[in-house]
Structure formats: C-alpha cells, structure tokens
Amino acid sequence: MSALNNFEIKTLLAHLWKDYKVMTPQAEHIRELLEERGEVLENDHIALRTFNLEPVGLKVLERVFLDLGYVYTGEYNFDKKKLYARSYSHPSGEFPRIFISELLTERLSESAQKIIRKIVSQVRQGTTGKHLLYMQSLWPKVSLEDYDALLMESEYAGWLAAFGIRANHFTVSVNNLRTFGNLESLNGFLESRRYKLNGGSKPIQGHPGQYLEQSSTLASRIAWEFLGGVIREIPSCYYEFAIRYPVPGSWRLYDGFVAQSADKIFESTDVNGIRQAS
C-alpha cells in the first residue's frame, strides 16, 4: 500500500473524527477520562449511514475505502429496521474497520419515500464518495415536519435526513486498553461517571462465543436547527466500545460483526429510548 493512500486514509479519518466530536460532546469527554488513566485509545471501527439511492448509496461510499486498499469482509441484513450493511477492513491492521449501512427506502411508505427522494434529489448528480464524506451538508436543512414524519416510521431515516452522511459512531477497541480487563469493567467505569448506556441493565451485546462483545452510550442530545430556524434537541451520535476474541484455530481476532448485536446497537440513537433513560 502506497504512502499516499495511507496519508489519504489518515486525513479522511481525522476529518470524520473532527466532525464527530463536535456532534458528540460525550465522546471527547470519555476519551479524556480514559487518557487520564494512561490509556492510548485505538479505534475498532467507524460506522456510516446512508440511503440506498443514487448518488448517495452504499456502493458510492464503499468505493472510497476500496480504492484506499480496504477489503470487503461481510454483509448484514436488518429486516425489521429495513437496512442493509457491509463491513470492510484494511489488510495492514493499521486503520479502523468500516461499517456502512443503507436504508432500503422502497420498504417505507409512499409518503416517507417521497420525503426521502425529495431530500436526495437535492444532491448534485455526479457527486463522488469523497464529496459525500467530506461535505456533511449535502442537502438543505429538512423541515421539522418531514423529520417527525420519517421518525414515525424509521429512527434511522429521521436521523439521516437531519444529519446527513457523517460518522454515526466511533468505537474504542477494548482489546487495546490496559487498565480494563473486560467490557464489564469499562461499562462500570462509564456508569460511575454518569454516562447512560444503551440496553439499560443489559448493555453488552454479543458474547465470547460470537467472538465479539459490544456496548455503547446513548447518543448525545444536541440542539439542531431545522428549516426555518426551528430548533429542537435531538439525539445525534454515540460512542461504542468493542472487544474481539480469537477465532478458534487461529491467533487472529474475529474481524467481522454480529448482525443481532449491531441491530441492538442501532438503537443507541433511538429517541424514545433516550427520553426514557433521561
């Protein structure tokens, strides 16, 4: 892999993190807490959301990472949430995994599809994947009415309409932490600092038998401006934590994702769940 590609990956990841930490104040705070303990954080994976429509679909986004040397590692279906996703890893192991999901727009109601197609139609044709990843303001602000209408059918659709294509979450690699022996101890530390975790009393998704355990905070709530200058506080992004286990017969850590666990992690931005936990 060329030094130029490595530089481009680092530049893109730095851009995504810079935007993400503005959208997710808790992530920077948690990072600082862990660094105060002497931890040097490594990122397990980054997740991106999009619609399955041109020119913003998953295949447009994945091309950026494939061109930079990433390789496809798996696909995942979330029928209830009407989502399809793929994952990618970099052969060097130097860079975080990428998880890209897209909303299967055609499975929503005609009224919801109309709103989404109106939104996406405002993205210039010929827009490249790099444009999508570097320019979060791809379409004008949506109306609060459209946001609420989409939210009624799909939390994912409402989130994406409001925030556009940007990192939905970054993920701390628990394998690389030195002062926490497992995910339970990290979760306890976060809860002692009054961070609310997705899943309530059962925050850990997955188990060692699946070679992957994950937990996540509930999304930060931020004041967001909609069309016409209307302001509402809504869930933005969250911070995730993952520990991977070796695949039997190999010293290599499991490199993919568990669909059942990812399905639950998606709910970290769920409006009702966050409201009940507040």
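What you see is a predicted model; the values in this text were computed from it and never measured.

(A) Here's a closer look at the packing of aromatic side chains. According to the stated counting rule, one finds 20 aromatic pairs in the structure shown. Note on Tyr76 and Phe99: the rings are 5.6 Å apart at their centroids and 35 degrees apart in plane angle, and the pair reads as tilted. Of the two residues, Tyr76 sits in strand β2 (residues 71-78) while Phe99 sits in strand β4 (residues 97-103), which places them 23 residues apart along the sequence. On the basis of relative accessible area, Phe99 is assigned to the buried category, the value being 5%. A ring pair is formed by Trp159 and Phe163, whose centres lie 5.2 Å apart and whose planes are at 55 degrees; its orientation type is tilted. Linking Trp159 with Phe163, this pair stays in helix α7 (residues 155-163), spanning 4 residues, or about one helical turn.

(B) Local environment of empty space enclosed by the protein. Inspection of the entire model under this criterion finds 1 cavity of 30 Å³ or more. Taken as a whole, the largest cavity encloses approximately 110 Å³ of empty space. Around the largest cavity, the lining is made up of 15 residues, and of these Ala47, Phe99, His169, Ala262 and Ile265 lie nearest the centre. At the level of elements, β1 (43-51), β4, β5 (167-173), β10 (238-244) and α9 (259-265) are the ones that each hand at least two residues to the lining of the largest cavity. Split into classes, the residues belonging to the lining of the largest cavity amount to 8 nonpolar, 5 polar and 2 charged.

(C) Spatial organisation of helix α6 (residues 144-153). If you check which residues of α6 are buried, you get Leu144, Asp146, Tyr147 and Leu150. Along α6, the residues classed as buried sweep out an arc of 160 degrees about the axis, all on the same side. In α6, the exposed residues that point more than 90 degrees away from the buried face are Glu145 and Met152.

(D) Quick look at the side chain of Ser87. Examined against the element boundaries, Ser87 turns out to sit in strand β3 (residues 83-89). On the basis of relative accessible area, Ser87 is assigned to the buried category, the value being 0%. Separated by 2.7 Å, the side chains of Ser87 and Thr73 make a polar contact. If sequence neighbours within four positions are ignored, Ser87 has contacts with Val71, Tyr72, Thr73, Gly74, Tyr76, Ile98, Phe99 and Phe257.

(E) Representation of the pattern of salt bridges. What the rule picks out here adds up to 17 salt bridges. Between Arg31 and Glu35 there is a salt bridge, with the nearest N and O atoms lying 3.5 Å from each other. With a gap of 4 residues between them, Arg31 and Glu35 both fall in helix α2 (residues 25-36), about one helical turn apart. Relative accessible area serves as the criterion here: at 24%, Arg31 is assigned to the partly exposed category. Residue Asp79 is joined to Arg107 by a salt bridge in which the shortest nitrogen-to-oxygen separation is 3.8 Å.

The rules we used
- Residues numbered from 1 in each chain as written.
- Predicted model: local features only at pLDDT ≥ 70, side-chain atom pairs only at ≥ 80, totals over all residues.
- Heavy atoms only, no water.
- Phe/Tyr/Trp six-rings, centres within 6.5 Å; stacked < 30°, edge-to-face > 60°.
- Helix = DSSP H or I, 4+ residues; strand = E, 2+ residues; numbered from the N terminus.
- Buried < 20%, exposed > 50% of the residue type's maximum accessible area, 1.4 Å probe, protein only.
- 1 Å grid on protein atoms, 1.4 Å probe; cavity = no way out; pocket = protein on both sides within 12 Å on 5 of 7 lines; lining within 4 Å.
- Points joined across faces, edges and corners; volume = space filled by probe spheres on them.
- Nonpolar A, V, L, I, M, F, W, Y, C, P; charged D, E, K, R; others polar.
- Arc of directions from axis to C-beta.
- Polar contact = N/O pair within 3.5 Å; in protein donor to acceptor, adjacent residues only side chain to side chain.
- Contact = heavy atoms within 4.5 Å.
- Salt bridge = Lys/Arg side-chain N within 4 Å of Asp/Glu carboxyl O.

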